[in-house]
Amino acid sequence: MKRNICVVTGTRAEYGLLYWLMKQLNDHDQFQLQVIATGMHLSPEFGLTYKGIEEDGFLIDEKIEMLLSSDTPRGIAKSIGLGTIGFGDAFARLQPDLVVVLGDRFELLAAAQAALVARIPIAHLCGGDTTEGAYDESIRHCLTKMSHLHFVTTEASRKRVLQMGENPDHVFKVGYPGLDYIRKMKLLTKRELEGELGFQFRDQNLLITFHPVTLEAAMAEKQCRELLEALASLDEEYGLLFTMPNADNEGRGVIQQIQDFVSKRENAVAYTSLGQKRYLSAMKYVDLVVGNSSSGLSEAPSFKIATINIGERQKGRLQAESVLNCAPIKDQILSSIKEGLKKDCSQVINPYGDGYSTDRIIHHLEAFPSFKGLLKKHFFER
């Protein structure tokens, strides 16, 4: 009898990291894939990206509406509450044997709370990482303590999970799942990508994503303004491709600023959601990644290009030699961009793995004849 493994996804980026795991679970003779889409996937404001999941051939078993049209702390707290109610109902209907969550988003905190009290074991991907500038850091560590199997990206992350008292036999270093997509998927040609985006690449091109730093209140718009002023100093021979921020505190102000910026420039475009294939294809052809997205640290090194990592959102995360850090100040951003465009990254090694993460995860899941025995956890002193 197949065991039900329920994968929860709430954002476009997270789904891109989960794609190959979902595909292999869907094709596996021991497991029955269940999919729950929630959060930004169901929001018109963020592109109704659940449609992309369905277009990829996956059946979405449950859609959980939880995202209020608010980026205030009160609104996000209410969204978490709505999500917990929705996941409680969904898990009662689906009866999964294991719930899979990836990362550190608040939508996953709602899922984990509901799974915990329903006595459903949880497998957590990408635990043990650090991002000191965002409250996602605390959510990630909460998810670690609520989970029973841990699939971490690096040895440093594995050590942090063990420091939290988790069973060493249940903590597995597998690498970063996003690299599987780069290894396995045939990316678009530059001409195909230009056709799909309606954008012509220039002599030099930047891929830009800027998220609010959620532990720095009332700073998102100011920091974004510094970034945009730096980009405005570049001439129009630079192509500027923006992807919009996630549903976080103060995110709407950042979105409005970016929309205003690109509306006045022929060399700049912004996309609510590129999807993983187009996003990584864009990364293949640009000369530099700019902003504060984790993808600049985890995926960009595989394309042998530099990343300008702005501010403290990703502070503490493992970095390749291709990453240049700067403060969210116009002059520092501009000088870092010019340095990054000259940087030779041809010999850079990505510290996040080799693109075989999914195979390792499946191997470890197969080794457990039952997940129920994972529920009672012992704290392992170190």
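Just above, that's the structure.
Residue positions are given per chain, counting from 1 as you read along its sequence in written order. pLDDT decides what is reported in this predicted model: residues at 70 or higher carry local features, side-chain atom pairs at 80 or more are listed and counted, and totals for whole chains, interfaces and linings draw on all residues regardless. No hydrogens and no water enter the side-chain calculation; it runs on all heavy atoms of the structure.

Caption draft 1: Just the packing of aromatic side chains, in detail. Aromatic contacts are taken between Phe, Tyr and Trp rings whose centres are within 6.5 Å, Trp giving its six-membered ring; a plane angle under 30 degrees counts as stacked, one over 60 as edge-to-face, and the others as tilted. Applying the stated rule across the entire model yields 11 aromatic pairs. Here the aromatic rings of tyrosine 19 and phenylalanine 58 are separated by 5.8 Å at their centres, their planes lie at 80°, and the arrangement is edge-to-face. Highlighted residues: tyrosine 19 in helix α1 (residues 12-26) and phenylalanine 58 in the loop between α2 (50-55) and β3 (62-64), separated in sequence by 39 residues. Between buried and exposed lies partly exposed: a residue is buried under 20% and exposed over 50% of the maximum accessible area for its type, with that area taken using a 1.4 Å probe on protein chains only. Classification of phenylalanine 58 as buried rests on a relative accessible area of 6%. When the centroid spacing of 5.9 Å and the interplanar angle of 65° are considered together, the rings of tyrosine 176 and tyrosine 352 count as edge-to-face. One end of the pair, tyrosine 176, is in the loop between β7 (171-173) and α7 (178-184); the other, tyrosine 352, is in the loop between α13 (330-342) and α14 (357-366), with 176 residues separating them in the sequence. One aromatic cluster in this structure is built from Tyr15, Tyr19, Trp20, Phe58 and Tyr181. For the cation-ring pair, arginine 3 lies above phenylalanine 371, with the distance from its terminal atom to the ring centre recorded as 4.5 Å. Two thresholds decide whether a charge sits over a ring: the Lys NZ or Arg CZ must be within 6 Å of the ring centre and within 35 degrees of the ring normal. Across from the ring centre of phenylalanine 261, 4.0 Å away, lies the NZ or CZ of arginine 265, which sits over that ring. For the purposes of this entry, the term helix denotes a DSSP run of H or I that reaches at least four residues, the term strand denotes a run of E that reaches at least two, and both are numbered from the N terminus.

Caption draft 2: Just the sheet that holds strand β8 (residues 204-209), in detail. Two strands form a pair only when DSSP identifies at least two bridges running between them. Sheet architecture is open: 6 strands sit in the order β10-β9-β8-β11-β12-β13, paired in parallel fashion. At either end of the open sheet lies a strand with only one pairing partner, and these are β10 (268-271) and β13 (323-326). Neighbour-to-neighbour, the strand axes of this sheet turn through a mean angle of 20°, independent of strand direction. For strand β11 (residues 288-291) and strand β12 (residues 306-310), the ladder comprises 4 bridges, and the chain directions are parallel. For every element, the axis is a line fit to its C-alpha atoms; helices are fit only across the contacting stretch, and the angle between N-to-C directions ranges from 0 to 180 degrees.

Caption draft 3: Spatial organisation of unusual backbone geometry. Of note, leucine 48 is a non-glycine position whose phi angle comes to about 45°, a positive value. Structurally, leucine 48 can be placed in the loop between β2 (31-38) and α2. On the accessibility criterion, leucine 48 (24% relative accessible area) is partly exposed. With a phi close to 60°, arginine 119 is a non-glycine residue in the positive phi region. Mapped onto the secondary structure, arginine 119 falls in the loop between α4 (106-117) and β5 (122-125).

Caption draft 4: Region of interest: the pairing of β12. Within β12, 5 of the 5 residues are buried, which leaves the element mostly enclosed by the surrounding structure. Alternating residues of β12 divide into Ala306, Ile308 and Ile310 and Thr307 and Asn309, and every residue in both groups is buried. For β12 and β13, the ladder comprises 4 bridges, and the chain directions are parallel. Within the sheet, the bridge partner assigned to threonine 307 lies in β13 and is valine 323.

Caption draft 5: A look at helix α6 (residues 155-163). Within the span of α6, buried status applies to Ser157, Val161 and Leu162. For α6, the angular spread of the buried residues around the axis is 140°, confining them to a single face. Note on definitions: a residue-residue contact is assigned when non-hydrogen atoms from the two residues lie within 4.5 Å. The elements touched by buried residues of α6 are α5 (136-146), β6 (149-152) and β7. Backbone geometry just downstream of α6 places glycine 165 in the positive-phi region, at approximately 85°. The arc under discussion is defined with respect to the helix axis, by the directions toward the C-beta atoms.

Caption draft 6: Looking closely at empty space enclosed by the protein. The definitions used throughout rest on a 1 Å grid laid over the protein atoms alone, on which a cavity is an enclosed set of points accommodating a 1.4 Å probe that cannot get out and a pocket is an open set flanked by protein within 12 Å on both sides along at least five of seven lines; lining residues are those having an atom within 4 Å of a point. Grid points are joined across faces, edges and corners, and a volume is the space filled by probe spheres set on the points. Per the counting criterion, the structure on display carries 3 cavities of 30 Å³ or more. Roughly 620 Å³ of volume is contained in the largest cavity. Looking at the largest cavity, it is lined by 32 residues, and the ones nearest its centre are Ala13, Glu14, Asn246, Ser293 and Ser294. Contributions of two or more residues to the lining of the largest cavity are made by α1, α5 and α11 (275-285). The dominant element in the lining of the largest cavity, judged by the number of residues it contributes, is α1, at 4 residues. Throughout, the ten residues Ala, Val, Leu, Ile, Met, Phe, Trp, Tyr, Cys and Pro are labelled nonpolar, Asp, Glu, Lys and Arg are labelled charged, and all others, Gly among them, are labelled polar. Considered class by class, the residues forming the lining of the largest cavity number 8 nonpolar, 14 polar and 10 charged.

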